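Structural overview
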Amino acid sequence: MKRIRISDLLALTAEEYRALPEYRDMEGTALVKGWVRSKRGSKGIFFIALNDGSTIKNVQIVGDDDKFDADTLRRITTGACLSVTGKLVESPAAGQNVEIQAQDIQILGDCDNTYPLQKKGASWEYLRTVAHLRPRTNTFGAILRIRHNMAMAIHTYFHQHGYFYFHTPLITASDCEGAGQMFQVTTKNLYDLRKDENGNIIYTDDFFGKQTSLTVSGQLEGELGATALGAIYTFGPTFRAENSNTPRHLAEFWMIEPEVAFMDLEELMDLEEDFIKYCVRWALDNCRDDLEFLNKMVDKGLIERLQGVINEDFVRLPYTEGIRILQEAIKAGRKFEFPCQWGDDLASEHERYLVEEYFRKPVIMTHYPKKIKAFYMKIDDEKPVLDGKQMEQTVQGTDVLFPSIGEIIGGSVREESYDKLMGEIESRGIPMKDMTWYLDTRKYGSCPHAGFGLGFERLILFVTGMQNIRDVIPFPRTPRNAEF
Ligand code: 4AD
Ligand code: MG
């Protein structure tokens, strides 16, 4: 007999089930397999809540104690894996169409009382210590199904909009963000490193014949794709050896990076906004049960906040205007821990003030000071004016700032002028020998283009209402933690 997934089963009435071609001959007998969430009993009848991971919902198994041997009944414990055959009937209980009247129960896997997930209401911290088992909890099941759905939304969005999925390398010799936060990749014997007369490690005999690292971003190679295929996106793991122990940073995270030829700043912001809204709408349309669960158990304002985001226009705010608003707030008595002068990188308290207090909606901040952004961003023609004074050069960078998350997207129009880009590379001291292949995009048929990077886990944080990025990826990598 064929097993039916619990999500499929619960979508049907008992009559609809009996009419399915593959199950018609069994006259309503169903076979389900899954893990026991709970078992209770009264007056010689037992009730098992069985879950197979296909949905947040459990199927209820009902049986008479005297039809089963005592040993089987004893082994039906929380976490045990069962195969259950029985008759599918309309359920008298509220909240479910159907339940199964058990005829045969096989114990596929016992689960004794050392099972770490026996108690309900364990803390997030505790669950991280058992990350190998936490996908079996209701909350992590919901998060991981939503995570899958967001990946499907992303591929569907780009495919439908004519973007090609472009695979950029994970091992690279260039530092895209120029922040020097890369994990080295080497096969060298670390106990016996050869150095030249200046004390530098010799890499010519290393695996790749030069120093290599795990990528921090696929953007530079993505630009090669965009200037050939027109519009591409990447979706893969990226690695940052930044020592940031925050609820928003991982050392290994997934990034989505579209890159588009002939796209200008306005079109870039339109793409950023449309794309995020599409993903959020997908979650509301396809992950209803899981969102309702999270809305009840984790974050009471979740669904309302998601609906809010798809219904309102994002604010588009030049950095200089943002600084003006912040300085006015300070004059009016608002206290911040960090200063915010024109030229400073905004601290997260400043971003939160703008997004959560001042505008109360997502903000796309643009035209940042050149010196706080990466070398590849297109330099603005005009310098901004603040309080009657002309400020320094700005670039066409965009950060999308979200309530409770902060920066969810970083992107920009790219500098397409060979000479201007060379000027930045030289003045920032970026080693040129590693960049010739990138400069060829500007040397041969250069074109205006733009793109962005969305942190996948930051999107999942927003969509699930979870607070810590360690809890939206199955196996988080953070400073001093690489378990499992
Ligand atoms: O702003 P970032 O550093 O931009 C880039 O890497 C560009 N090359 C992207 C591009 O234009 N193609 O990173 C992009 C996004 C951030 O906005 C954030 O959402 C996420 O990646 N991110 C992280 N997510 C989790 N952990 C970290 N340590 C992250 N660092 C960045
Ligand atoms: Mg950024």
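Details of the structure are given in the entry above.
Note that this is a predicted model, so its numbers are computed, not measured. (Residues numbered from 1 in each chain as written. Chains lettered and ligands numbered in written order. Predicted model: local features only at pLDDT ≥ 70, side-chain atom pairs only at ≥ 80, totals over all residues. Heavy atoms only, no water.)

**A look at the pattern of salt bridges**
- Under the defined criterion, the tally for this structure stands at 31 salt bridges.
- Residues D8 and R5 are paired through a salt bridge, measuring 3.6 Å at the closest nitrogen-oxygen approach.
- The partly exposed category is assigned to D8, whose relative accessible area is 38%.
- Residue classification places R5 among the partly exposed positions, given a relative accessible area of 41%.
- Note that D64 and K67 form a salt bridge whose closest N and O atoms lie 3.0 Å from each other.
- Put simply, E266, D270, E273, K277 and R316 are held in one network by salt bridges that share partners. (Salt bridge = Lys/Arg side-chain N within 4 Å of Asp/Glu carboxyl O. Buried < 20%, exposed > 50% of the residue type's maximum accessible area, 1.4 Å probe, protein only.)

**Details of the packing of aromatic side chains**
- Under the definition given, this model contains 26 aromatic pairs.
- When the ring of Y319 is compared with that of W342, the centres are 5.7 Å apart and the planes differ by 80°; the resulting orientation is edge-to-face. Here Y319 is found in helix α10 (residues 319-331), whereas its partner W342 is found in the loop between α10 and α11 (348-358), with 23 residues between them in sequence. Judged on exposure class, the residue Y319 and its partner W342 are both buried.
- Every member of this aromatic cluster is reached through a ring pair, and the members are Y157, F158, Y163, Y165, Y233, F275, Y278, W282 and F452.
- One Lys or Arg, R40, reaches over the ring of F47 and ends 4.4 Å from the middle of that ring.
- Taking the ring centre of Y368 as reference, the NZ or CZ of K373 above it sits at 4.2 Å. (Phe/Tyr/Trp six-rings, centres within 6.5 Å; stacked < 30°, edge-to-face > 60°. Helix = DSSP H or I, 4+ residues; strand = E, 2+ residues; numbered from the N terminus. Lys NZ or Arg CZ within 6 Å of the ring centre and 35° of its normal.)

**Description of helix α14 (residues 456-464)**
- Across the nine residues of α14, nine count as buried, placing the element largely inside the fold.
- For α14, the full list of buried residues reads F456, E457, R458, L459, I460, L461, F462, V463 and T464.

**A short note on the nonpolar core**
- The biggest cluster of nonpolar side chains holds 97 residues, and the ones touching the most others in it are V32, L82, M150, L291 and I408.
- Per element, the largest residue contribution to this core is twelve residues, and it comes from helix α7 (residues 265-286).
- Core analysis: the second largest hydrophobic core is formed by 20 residues, A329, W342, Y353 and L401 among them. (Core = buried A, V, L, I, M, F, W, Y, C linked by side-chain atoms within 4.5 Å.)

**Quick notes on unusual backbone geometry**
- Its identity is not glycine, yet S404 carries a phi of approximately 65°, on the positive side.
- One can find S404 in the loop between β16 (394-402) and β17 (406-413).
- The phi dihedral of R480 is positive, around 65°, even though this residue is not glycine.
- Locating R480 in the fold gives a position in the segment after α14.

**Concerning the pairing of strand β1 (residues 29-42)**
- Both β1 and strand β4 (residues 81-90) contribute to a ladder of seven bridges, which runs antiparallel. Pairing of L31 across the sheet is with T85, part of β4.
- When β1 meets strand β2 (residues 45-51), the two strands line up antiparallel, connected through seven bridges. Residue pairing across strands places S42 opposite I45, the latter belonging to β2. (Pairing = 2+ DSSP bridges.)

Everything listed is a geometric property; what it means functionally is a separate question.
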